[in-house]
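If you want the building blocks of each chain, they are given just below.
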Amino acid sequence: MEPATEVKRKEEIRFAGRVNRISVSPTMAVMQEAERFKGRGADVVDFGPGEPDFPTPDHIKRAAVKALEENRTKYTATPGIAPLRQAICDWHAAQLGSSYTPAECIVNVGGKHAVFNAIASLVESGDEVIIPAPYWVSYPDIVKYADGNPVYVETHEKNEFRPTAEQIEKAITPRTRVVIINSPTNPTGAVIPKDQFAAILEVCRKHGVWLLSDECYSHFVYSDARPFSIASLPGAKERVIIAGSFSKTFAMTGWRLGYTLGPAPLIGAVTKLQSQSTSNPTSIAQYAALEAMLGPMDSVRVMLAEYARRRERILAGLRAIPGITCTAPQGAFYVFPNVSAHMAKEMPDDTAIVRQLLEREHVAVVPGEAFGAPGHLRISYATSIERIEEGLRRLSRFFGQRSERGLPAAAGRQVQTLEPPK
Ligand SMILES: Cc1ncc(COP(=O)(O)O)c(C=O)c1O
């Protein structure tokens, strides 16, 4: 007779439908593939990661060390320590003009967790969630996990990837529960102008739909754009949920800290859910976050200035490559070039381009397909200017050779200015 463990191993494991409905993040898949090349000793220019290449600022790290030394290592209240919730409300009010109280705030295990909890608390089987495309890869899967249906509203290069209130309204049905807006946007860097964002809120109010605003990149905006929160508009709070994150603003991706701001009953529901899943976010990370909220913001300014420099360089470099067009990102740290002119028999889609780029030039990028926008690549410029220069050299070699072989090269040679047309 076979040992019981052997029998078990041979049994097919049956997973719950809610897990079968979702898939592993495609950005993670690209990172793994790049790691494989690095493991073999390849000098990979990695434009894949969606995380700052800066270390967490010293004053924040010191606060965590102090919390450890003071043995702040016990459970905390599920929604987070009281001073942190107060500090998040104060910081959000000072930086972004809102007026939340701690009863309207919960600390989560990252911004992704904030989005997950909000959707899990609001969406029932068959409910619809409107997601402008290109979108951050996790939104559709989070909605599917909740047994909801993602409904995509397409945005395009010619409109700088900004969804309009009219588009959103057209997509609303009696089943619509939530509209997710992410401005600045991952992957395009699009920033929705204040009046356009306000019009989207009006549509949500009119139809009794929640507006979930993912503010993960709020403080990384360029040229004349300023950090903006839809929650700052009069009367917005009753229809708006804010998902915030410490990951990008304070270079704290590994600490896993985010927050949700919203009406107190919704925060109550999210707290209930969190109490039966993760419980409180890590205690010492919360003390670090408290310092991030109360301490100086100099490091954010330094990072922004550096991202701005890199943005100009990468944009100019990409636009000089025949057959590539690229809108100027107004926020975040990504560019989203259109490479569809390079799709051909041997590279029929952006995924094939990504694969060949990695194999032939050891450049890692994410295919637009992962974000619901085939024909594009997502390039993160959260990497040093030297690596950007090296990456651009390889990209122009890769695409340049292709254009020599008959690409309509003029497509990429049109004169483009850095700033989008007004
Ligand atoms: C648009 C967007 N929202 C949320 C997140 C989640 O950030 P975290 O969970 O690290 O706070 C990310 C991370 O890449 C993102 O790009």
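Remember, it's a predicted structure, so these values are computed and weren't measured experimentally.

Caption draft 1: Just unusual backbone geometry, in detail. Looking along the chain, the bond that leaves Ala133 and enters Pro134 is cis, with omega of 0°. Asn186 connects to Pro187 through a cis peptide bond whose omega is 25°. Relative to the helices and strands, Pro187 is located in the loop between β5 (176-182) and α9 (194-207).

Caption draft 2: Local environment of the site of the ligand. What surrounds the ligand is a group of 14 residues, the closest being Gly111, Asp214, Ser245, Ser247 and Lys248. In the environment of the ligand, an oxygen atom lies 2.7 Å from a nitrogen or oxygen atom belonging to the side chain of Lys248. Bound to the protein, the ligand loses 92% of the 390 Å² it would expose on its own. By residue class, the composition of the shell around the ligand is four nonpolar, six polar and four charged.

Caption draft 3: Molecular detail of the sheet that holds strand β9 (residues 334-335). Pairing in this open sheet of three strands is antiparallel, and the strands run β9-β12-β11 from one edge to the other. Unpaired on one side and paired on the other, β9 and β11 (366-367) mark the two borders of the sheet. Sheet topology note: the β11/strand β12 (residues 377-380) ladder contains two bridges and is antiparallel. When the bridges of β12 are listed, Val366 appears paired with Arg378.

Caption draft 4: Structural context of the nonpolar core. In this structure, Leu211, Phe246, Phe250 and Leu318 are the most contacted members of the largest nonpolar core, which totals 86 residues. Leaving out residues up to four positions away in the same chain, Leu318 has contacts with Ile324, Cys326, Val335, Pro337, Ile379, Leu392 and Leu395. Ile119, Trp136, Ile241 and Val366 belong to the second-largest nonpolar core, a separate cluster that totals 31 residues.

Caption draft 5: Molecular detail of helix α13 (residues 350-361). The end-to-end C-alpha distance of α13 is 15 Å, a good match for the 16 Å that twelve residues give at a rise of 1.5 Å each. Three or more residues of α13 are buried, namely Asp350, Ala352, Ile353, Val354, Gln356, Leu357, Leu358 and Glu361. A positive backbone phi angle near 55° is found at His362, which sits one or two residues after α13.

Caption draft 6: A nonpolar patch on the surface, seen in detail. Taken together, the side chains of Ile13, Phe15 and Val19 present a nonpolar region at the surface, about 310 Å² in accessible area. Positionally, Phe15 belongs in the loop between α1 (4-10) and α2 (17-20).

Caption draft 7: Fine view of the packing of helix α4 (residues 58-69) against helix α11 (residues 283-294). Two elements in contact, α4 and α11, have axes whose closest approach is 8 Å; the angle formed by their N-to-C orientations is 140°. The angle between α4 and α11 falls in the class oblique. Considering how the two elements wind past one another, α4 and α11 form a crossing that is right-handed. Residue-level contacts link His59, Ile60, Ala63, Ala64, Ala67 and Leu68 of α4 to Ile284, Tyr287, Ala288, Glu291 and Ala292 of α11. Taken together, the residues of the contact of α4 with α11 break down into nine nonpolar, one polar and one charged.

About the cut-offs
- Residues numbered from 1 in each chain as written.
- Predicted model: local features only at pLDDT ≥ 70, side-chain atom pairs only at ≥ 80, totals over all residues.
- Heavy atoms only, no water.
- Helix = DSSP H or I, 4+ residues; strand = E, 2+ residues; numbered from the N terminus.
- Near = heavy atom within 4 Å.
- Polar contact = N/O pair within 3.5 Å; in protein donor to acceptor, adjacent residues only side chain to side chain.
- Areas by Shrake-Rupley, 256 points an atom, 1.4 Å probe, with all protein chains shown as cover.
- Nonpolar A, V, L, I, M, F, W, Y, C, P; charged D, E, K, R; others polar.
- Pairing = 2+ DSSP bridges.
- Core = buried A, V, L, I, M, F, W, Y, C linked by side-chain atoms within 4.5 Å.
- Buried < 20%, exposed > 50% of the residue type's maximum accessible area, 1.4 Å probe, protein only.
- Contact = heavy atoms within 4.5 Å.
- Expected span 1.5 Å × (residues − 1).
- Patch = residues over 30% accessible without salt bridge, like charges linked within 9 Å, V, L, I, M, F, W, Y side chains within 5 Å.
- Salt bridge = Lys/Arg side-chain N within 4 Å of Asp/Glu carboxyl O.
- Axes fitted to C-alpha atoms, helices over the stretch in contact; angles between N-to-C directions.
- Parallel < 35°, antiparallel > 145°, perpendicular 65-115°, else oblique.
- Left-handed = near helix turned anticlockwise from the far one by under 90°.

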